[in-house]
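Architecture and fold: a report
Each chain, written out:
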Amino acid sequence: MMSKFSACIEMLFVPETDAFDQRIGLAKAAGFDLVEFWLWSNKDLDAVERALGQTGVKLAGIVAEPFAELTRESDHDRFLAGLEKSRDVAMRLGAPILICQSGPLLEGIERARQHDALVTAMARSADVLAGSGVRLALEPLNDRVDHPGYYLTSTAEALAIAEAVNRPEIGLTYDMYHSMVMDEDPEVVLAGGLDRIFHVHLADHPGRNQPGSGSLPLLQKLAWLEGQGYAGAVGLEFRPTGSTADALEQMRGSLG
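Here goes a summary of the coordinates provided. (Residues numbered from 1 in each chain as written. Predicted model: local features only at pLDDT ≥ 70, side-chain atom pairs only at ≥ 80, totals over all residues. Heavy atoms only, no water.)

1. Digging into the packing of helix α2 (residues 45–55) against helix α3 (residues 76–93)
Put simply, the rule reads: Axes here mean lines fitted to C-alpha atoms, for a helix over just the part in contact, with angles spanning 0 to 180 degrees between N-to-C directions. To qualify as a helix, a DSSP run of H or I must reach at least 4 residues; to qualify as a strand, a run of E must reach at least 2; elements of each kind are numbered from the N terminus. By definition in this entry, angles of less than 35 degrees are roughly parallel, angles greater than 145 are roughly antiparallel, angles of 65 to 115 are roughly perpendicular, and the rest are oblique. The contact criterion used throughout is that any non-hydrogen atoms of two residues lie within 4.5 Å. Three residue categories are used. Nonpolar comprises Ala, Val, Leu, Ile, Met, Phe, Trp, Tyr, Cys and Pro, charged comprises Asp, Glu, Lys and Arg, and polar comprises the others, including Gly.
Taken N-terminus to C-terminus, the directions of α2 and α3 make an angle of 30 degrees; their axes are 10 Å apart at the nearest point. Considering the angle they form, α2 stands roughly parallel to α3. Only V89, R92 and L93 of α3 make contact with α2, whose side of the interface consists of L45, D46, V48, E49 and L52. When grouped by side-chain class, the residues that make up the contact of α2 with α3 number five nonpolar, no polar and three charged.

2. Remarks on α3
Selection criterion: Any helix carries an expected span of 1.5 Å times its number of residues minus one.
Spanning 18 residues, α3 covers 25 Å between terminal C-alpha atoms, matching the ideal 26 Å at 1.5 Å per step. Those residues of α3 that are buried are in contact with α2, β3 (58–63), β4 (97–100), α4 (111–129) and β5 (135–138). Note on α3: the residue one or two positions beyond its end, G94, has a positive phi of about 80 degrees.

3. Quick word on the sheet that holds β4
This is how the line gets drawn: Here a strand pair is declared whenever DSSP counts at least two bridges between the two strands.
Around the barrel, eight strands lie side by side as β1-β2-β3-β4-β5-β6-β7-β8; this closed barrel has parallel pairing. Across the sheet, the axes of successive neighbouring strands diverge by a mean angle of 30 degrees, strand direction being ignored.

4. Describing the pairing of β3
The test is simple: Under the scheme applied here, a residue whose accessible area is under 20% of the maximum for its type counts as buried, over 50% as exposed, and between as partly exposed, the area being computed with a 1.4 Å probe on protein chains only. By definition, the crossover connecting two strands over a helix is right-handed if that path, from the first strand to the second, turns clockwise as seen with the strands pointing away from the viewer.
Counting buried residues along β3, five of its six residues qualify, which places the element largely inside the surrounding structure. Regarding topology, α2 serves as the crossover connection from strand β2 (residues 34–36) to the parallel β3, and that connection is right-handed. Across three bridges, β3 lies against β4 in parallel orientation. Its bridge partner lying in β4, I62 is registered against L98. In this view, the connection linking β3 to its parallel neighbour β4 by way of α3 has right-handed handedness.

5. Notes on empty space enclosed by the protein
Inclusion rule: Cavities and pockets were defined on a 1 Å grid built over protein atoms only: a cavity is a set of grid points that admits a 1.4 Å probe from which the probe cannot escape, a pocket is an open set flanked by protein on both sides within 12 Å along at least five of seven lines, and lining residues are those with an atom within 4 Å of any such point. Grid points are joined across faces, edges and corners, and a volume is the space filled by probe spheres set on the points.
As enumerated under the stated definition, the model contains one cavity of 30 Å³ or more in all. Of the volumes computed, that of the largest cavity is approximately 40 Å³. Taken together, P140, L141, N142, T153, T155, Y174, D175, H178, S179, M182 and E184 form the lining of the largest cavity. Broken down by secondary-structure element, the contributors of at least two residues to the lining of the largest cavity are β6 (170–175) and α6 (176–181). A per-class count over the lining of the largest cavity returns four nonpolar, five polar and two charged.

6. Re unusual backbone geometry
That bond from E65 to P66 is cis: its omega, 0 degrees, falls within 30 degrees of zero. Summarising the element assignment, P66 is placed in the loop between β3 and α3. H205 connects to P206 through a cis peptide bond whose omega is 5 degrees. In this structure, F13 takes a positive phi of about 70 degrees despite not being glycine. Along the chain, the position of F13 falls in the loop between β1 (5–8) and α1 (22–29). Although it is not a glycine, D183 adopts a positive phi angle of roughly 65 degrees.

7. Quick word on α4
If you check α4, its first and last C-alpha atoms are 27 Å apart, about what 19 residues at 1.5 Å a residue would give, namely 27 Å. Q114, H115, A117, L118, V119, A121, M122, S125, A126, V128 and L129 are the residues of α4 that are buried. Residues of α4 that are buried make contact with α3, β4, β5, α5 (155–165) and β6. Trailing α4 by a residue or two, G131 shows a phi angle of about 80 degrees, which is positive.

Structure representation (structure tokens):
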């Protein structure tokens with residue numbers, strides 16, 4: 001199995017401490033070499049940088065700020081200005097991936113126009129990131145449980161956007177939980193598209209809790225990903241049902 005698990009410290013080690021930077025040390029003690037988190041603007045970046053340096057833990061990714069309606073072209077300039085700052089933070093902390101969301105499905109605007117707006121946003125983002133070593137990973141989410149009203153629920157459409165942009169800076173975060181909540185089969189929707197998958201997220205369903213707590217065939221699908229050559233990080237973005245240690249123990253029993 002893949003060993004490159006990344007602890008999402010917005011969700012893991014939360015029961016254990018409110019001190020965000022201390023979660024990096026707890027992740028290291030639990031055997032992680034990688035962590036990730038969401039927003040950077042509400043963090044003490046000096047403390048985070050210090051904790052990363054002291055532990056030797058690497059940062060797999062952070063969220064590109066600000067959240068924006070990338071389905072609306074008039075919001076692109078605001079996002080791109082923030083992307084420059086996010087890029088600089090990612091470079092400072094050594095994060096190779098910035099994760100972004102599409103924004104909402106807009107009423108009264110043709111879906112094809114919103115799709116084209118996303119292509120434009122990603123193409124302009126590629127220009128911002130060119131030469132930085134930081135890549136942008138657009139993330140499809142489910143609109144059935146967690147994100148009602150979200151535009152980009154289809155992995156196939158996300159891959160089509162990345163292919164239309166056709167820049168090495170632009171790819172996808174593939175969240176297995178969100179995808180399978182939308183009744184997608186990873187082996188079908190990712191076939192032929194693994195080169196565009198920059199990052200993977202993992203949680204079980206129902207509940208978005210640790211692997212083994214629900215009914216998704218995560219072991220089988222992770223093994224398939226590995227067999228297809230995926231070598232990136234796998235972010236553990238789930239809510240532990242109890243302590244983080246107990247959740248990780250159940251995950252290990254489930255994934256082998």
